[in-house]
Amino acid sequence: MSEAQAQGRGAGGSAKPSKREALIAAAFDLFTKHGFEQTTVDDIVRLAGVGRSSFFRYFPSKEDVVFPDHEGCLAEMTAFLQDGSGEEDPVIRVCDAARLVMRMYSGNPSFAVQRYRLTKSVPGLRHHELSVVWRYERTLADYLRRRFVHRPDGTLRADVIAASLVAAHNNALRAWLRSGGQDDPTAHMDHALRFVLNSWGPEGEARSTDEEDADDVVVLIAKRTAPMWRVVRGIETTLGDP
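The structure displayed is predicted, hence computed values, not measured ones.

*Asks:* Which residues make up a positive patch on the surface, and what values go with them?
*Replies:* On the surface, Arg 117, Lys 120, Arg 174 and Arg 178 cluster together into a positively charged patch. Elements with a minimum of two residues in the positive patch: helix H7 (109–121) and helix H9 (154–178). Looking at the element boundaries, Arg 174 is found in helix H9.

The following block contains the structure:
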């Protein structure tokens, strides 16, 4: 069984792959042997042993067969965010949602690494992947916008946090993929998400508030006999006033 077939089949396996699984397997076999650009949809359906209409029933384009699992993962992420109680911290919630994407990749390391190498070598696939990443980012941002709707900076905060989270996730994902899928994906993800939480989560908010309070306090030591003009000048110098 090829790596692509392993991706398409469930954990328990099956005696015969479905048409969708057969198309994924055939596509990656051909991409590996002949290259993405040189492989046509007709080549894929011929090897898979299915009709051309079957291909387009499952995949709108040849690029989509390279990313067969993202639609399901996006649906799972959307449902996860919608199922929240509304009481949990929103930044923690979106970080947990990002773990679903890493879990999708790490569920089949060999397929994930194979796709990573293929995508790196084909500019058109990189552009297609960016469009997929953008949809994840919008899903996260839409959730955060709803949670921050009562804040004056709610839209800005939601968009910045979503972009930061996607960047952190992708950093962890690429580090794991560069290891050939041999490293612990959870360790990479924990490190990346800790950065996001420290910046935007409850602890980061508390630390930011403490720092703002500290900035409002100025302690100046002066002799009791010092004239008031000197004390005032000392305060101005400390605050950076001319």
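*Asks:* Explain the pattern of salt bridges to me, and be specific about the residues and the numbers.
*Replies:* Counted under the stated rule, the structure contains 11 salt bridges. Of the charged contacts, one joins Arg 52 and Asp 42 as a salt bridge, the two residues approaching to 2.6 Å between their closest N and O atoms. Separated by 10 residues along the polypeptide, Arg 52 in helix H4 (residues 52–58) and Asp 42 in helix H3 (residues 41–48) bring together distant segments of the chain. Judged by its relative accessible area of 43%, Arg 52 falls in the partly exposed class. Taking the relative accessible area as the measure of exposure, Asp 42 reaches 35% and is therefore partly exposed. Glu 76 is the salt-bridge partner of Arg 103, the closest N and O atoms lying 2.5 Å from each other. Separated by 27 residues along the polypeptide, Arg 103 in helix H6 (residues 90–106) and Glu 76 in helix H5 (residues 70–82) bring together distant segments of the chain.

*Asks:* Account for the environment of Ile 24, naming residues and giving values.
*Replies:* Residue placement: Ile 24 occurs in helix H2 (residues 19–34). C-alpha of Ile 24 to C-alpha of Val 65: the two residues are 41 residues apart in sequence and 6.1 Å apart in space.

*Asks:* Explain the packing of H6 against H9 to me, using residue names and the numbers behind them.
*Replies:* Relative to each other, H6 and H9 sit at 30 degrees, their axes nearing to 10 Å. The orientation of H6 with respect to H9, classified from their angle, is roughly parallel. Of the two possible hands of crossing, H6 and H9 adopt the one that is right-handed. Contacts from Val 91, Val 94, Cys 95, Ala 98, Val 101, Met 102, Tyr 105 and Ser 106 of H6 reach H9 at Ile 161, Leu 165, His 169, Ala 172, Leu 173 and Trp 176. For the contact of H6 with H9, the per-class residue count stands at 12 nonpolar, 2 polar and no charged.

Here is what the cut-offs are and how they apply
Residues numbered from 1 in each chain as written. Predicted model: local features only at pLDDT ≥ 70, side-chain atom pairs only at ≥ 80, totals over all residues. Heavy atoms only, no water. Patch = residues over 30% accessible without salt bridge, like charges linked within 9 Å, V, L, I, M, F, W, Y side chains within 5 Å. Areas by Shrake-Rupley, 256 points an atom, 1.4 Å probe, with all protein chains shown as cover. Salt bridge = Lys/Arg side-chain N within 4 Å of Asp/Glu carboxyl O. Lys, Arg positive; Asp, Glu negative; His and termini not counted. Charge placed at Lys NZ, Arg CZ, Asp CG, Glu CD. Helix = DSSP H or I, 4+ residues; strand = E, 2+ residues; numbered from the N terminus. Buried < 20%, exposed > 50% of the residue type's maximum accessible area, 1.4 Å probe, protein only. Axes fitted to C-alpha atoms, helices over the stretch in contact; angles between N-to-C directions. Parallel < 35°, antiparallel > 145°, perpendicular 65-115°, else oblique. Left-handed = near helix turned anticlockwise from the far one by under 90°. Contact = heavy atoms within 4.5 Å. Nonpolar A, V, L, I, M, F, W, Y, C, P; charged D, E, K, R; others polar.

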